[in-house]
Amino acid sequence: MSNDRVALITGTSSGIGLATAVLAARRGFRTVATLRDTGRAGRLHEAAAEAGVELDVRPLDVTDAGSVGAAFEGVLADYGRLDVLVNNAGAGHIGTIEQEPVSAVRETMEVNFFGVAETTKAAMPALRASGGRLITVTSVGGVIGQPFNEAYCAAKFAVEGMMEALAPVAAAQGVTVCVVEPGAVATEFVNNVGVGERLFAEAGPYADSLRKYIANVTKSFQGAQTADKVAEVILGAMTAETPAFRIQTSKWAEEFAALKFADRDGSAVQRLTSGWLA
C-alpha cells in the first residue's frame, strides 16, 4: 500500500483507537493519532515503539469546535490531504432518565453524537478531494436499545441514523461511509462508566434491576472481543475495495444485530433485554 495515504483516528489513548492507530501505521498509512489530552499518550507511544511504527500524535477534543478545526487544519497544512477519518472517540454512560439530570444525557450526546458530527463536518471537504473514507465506530448499542443505556444508545442510534442518511449523499461525491459495530470489547471503556455503590444508591427504585443488569453485562464481558480484533475489522473497512455500510466486528455482534433487523414489532428485542433484568 502506498505510504502517502493519511488517516486521522480519534480517541487513541487506549483500546480500539490505540489498536487501530498502530495497525493502520503498520499497514502503511500515515497515521495521525488524536486524543483529548496528549499527556495521556504514554501507552500509545509504547505500543507504537513495540510495533516499530511512527505515529503523528496530536490533540483533538471532539467536544471543542476550536480543537477540531485546529487539528484538521494542521493535518492538511502538513500533509496536504486526508484519506480516512475514523471516528472512534466516545464515552460510556450508565443511568436511567428518571434518576439522573437531563444535563447528563446532554453530556453523553455531546461526546458520542455531536463530537462525531463536528469531526465529520471538518473532514468532508478533504475526503471529497481524496475520494476518501469516513468510518465511524458505533456499537451494537446503536442498533438495539439496552437497559440503563438510554443516553448512550440514544447517541449511538443518532450516529447510525446520521451516517445512514449521509452515506448516499457522500457516495455521490466519491466518499465511502461505513459504521463499525462492536459488541463486548475488552477495553477500559467499561471501567470508565463509573459502576459502583454510589451508582446503585442513586438508582433508587431501579437499584435491583441495575444490579441484575450489571451482573449480566459483567458475565458477557468474560468472552469479550479484543481491541486488536476490532482494529482488524476497521482496517478492513479502510482498505477493502467496496466495504459494506454496516459492519459488525464479531459473529456474536452479527447475530445480535440481526435480531433487531428481523424484529418488526420490537417484541423479540424486548423479551431479550427484559430477561437481562430478571
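Scroll up a little and you will see the structure.
Residues numbered from 1 in each chain as written. Predicted model: local features only at pLDDT ≥ 70, side-chain atom pairs only at ≥ 80, totals over all residues. Heavy atoms only, no water.

1. Details of the pattern of salt bridges
Side chains that differ in sign of charge can pair as their charged atoms come close.
At step 1: With the rule as written, the count across this model stands at seven salt bridges.
At step 2: A salt bridge links Asp 56 to Arg 58, with the nearest nitrogen and oxygen atoms 2.8 Å apart. Taken individually, Asp 56 and Arg 58 each receive the classification buried, so the pair is uniform in this respect.
At step 3: One salt bridge connects Arg 58 with Asp 78, and the closest N-O pair in it is separated by 2.6 Å. Residue Arg 58 is located in strand β3 (residues 56-59), and its partner Asp 78 is located in helix α3 (residues 65-79); the two are separated by 20 residues in the primary sequence.
At step 4: Taking the relative accessible area as the measure of exposure, Asp 78 reaches 54% and is therefore exposed.
At step 5: If you follow the salt bridges from partner to partner, you end up with Glu 160, Glu 164, Glu 181 and Arg 246 in one network. (Salt bridge = Lys/Arg side-chain N within 4 Å of Asp/Glu carboxyl O. Buried < 20%, exposed > 50% of the residue type's maximum accessible area, 1.4 Å probe, protein only. Helix = DSSP H or I, 4+ residues; strand = E, 2+ residues; numbered from the N terminus.)

2. Concerning the packing of aromatic side chains
At step 1: Applying the stated criterion across every chain yields a total of five aromatic pairs.
At step 2: Taking 6.0 Å as the distance between ring centres and 40° as the angle between the ring planes, the aromatic pair formed by Phe 148 and Tyr 213 counts as tilted. Residue Phe 148 is found in the loop between β5 (133-137) and α5 (150-171), and its partner Tyr 213 is found in helix α7 (residues 207-220); the two are separated by 65 residues along the sequence. The residues Phe 148 and Tyr 213 share a single accessibility class, namely buried. (Phe/Tyr/Trp six-rings, centres within 6.5 Å; stacked < 30°, edge-to-face > 60°.)

3. Topic: the nonpolar core
At step 1: Within the largest apolar cluster, 34 residues are counted, with the highest numbers of intra-cluster contacts made by Leu 55, Val 86, Ile 135, Ile 234 and Met 238.
At step 2: Those elements giving two or more residues to this core turn out to be β1 (6-9), α1 (15-26), β2 (30-35), α2 (42-51), β4 (84-87), β5, β6 (176-181) and α8 (227-239).
At step 3: Counting residues per element, this core draws most heavily on α1, at eight residues.
At step 4: In contact with Ile 135, not counting residues within four places along its chain, are Val 84, Leu 85, Val 86, Asn 87, Cys 178, Val 180, Ile 234, Ala 237 and Met 238.
At step 5: Counting 30 residues, the second largest nonpolar core, distinct from the first, contains Leu 8, Val 32, Leu 82 and Val 179. (Core = buried A, V, L, I, M, F, W, Y, C linked by side-chain atoms within 4.5 Å. Contact = heavy atoms within 4.5 Å.)

4. Observations concerning the packing of α1 against α2
At step 1: Across the interface, α1 lies against α2 with an axial gap of 10 Å and an inter-helix angle of 30°. As judged from the angle between their axes, α1 and α2 are roughly parallel. In the crossing of α1 with α2, the sense of the turn from one axis to the other is right-handed. Side by side, α1 and α2 meet where Leu 18, Ala 21, Val 22 and Arg 26 of the first sit next to Arg 43, Leu 44, Ala 47, Ala 48 and Ala 51 of the second.
At step 2: Each residue belonging to the contact of α1 with α2 can be placed in one class, and the counts come to seven nonpolar, no polar and two charged. (Axes fitted to C-alpha atoms, helices over the stretch in contact; angles between N-to-C directions. Parallel < 35°, antiparallel > 145°, perpendicular 65-115°, else oblique. Left-handed = near helix turned anticlockwise from the far one by under 90°. Nonpolar A, V, L, I, M, F, W, Y, C, P; charged D, E, K, R; others polar.)

5. What about the environment of Ile 97?
At step 1: Topologically, Ile 97 is positioned in the loop between β4 and α4 (102-130).
At step 2: Of the residues examined, Ile 97 reaches a relative accessible area of 47% and is grouped as partly exposed.
At step 3: Taking the C-alpha atoms as reference points, Ile 97 and Glu 150, separated by 53 residues in sequence, lie 7.3 Å from one another.
At step 4: The residues touching Ile 97, leaving out its near neighbours within four places in the chain, are Val 105 and Glu 150.

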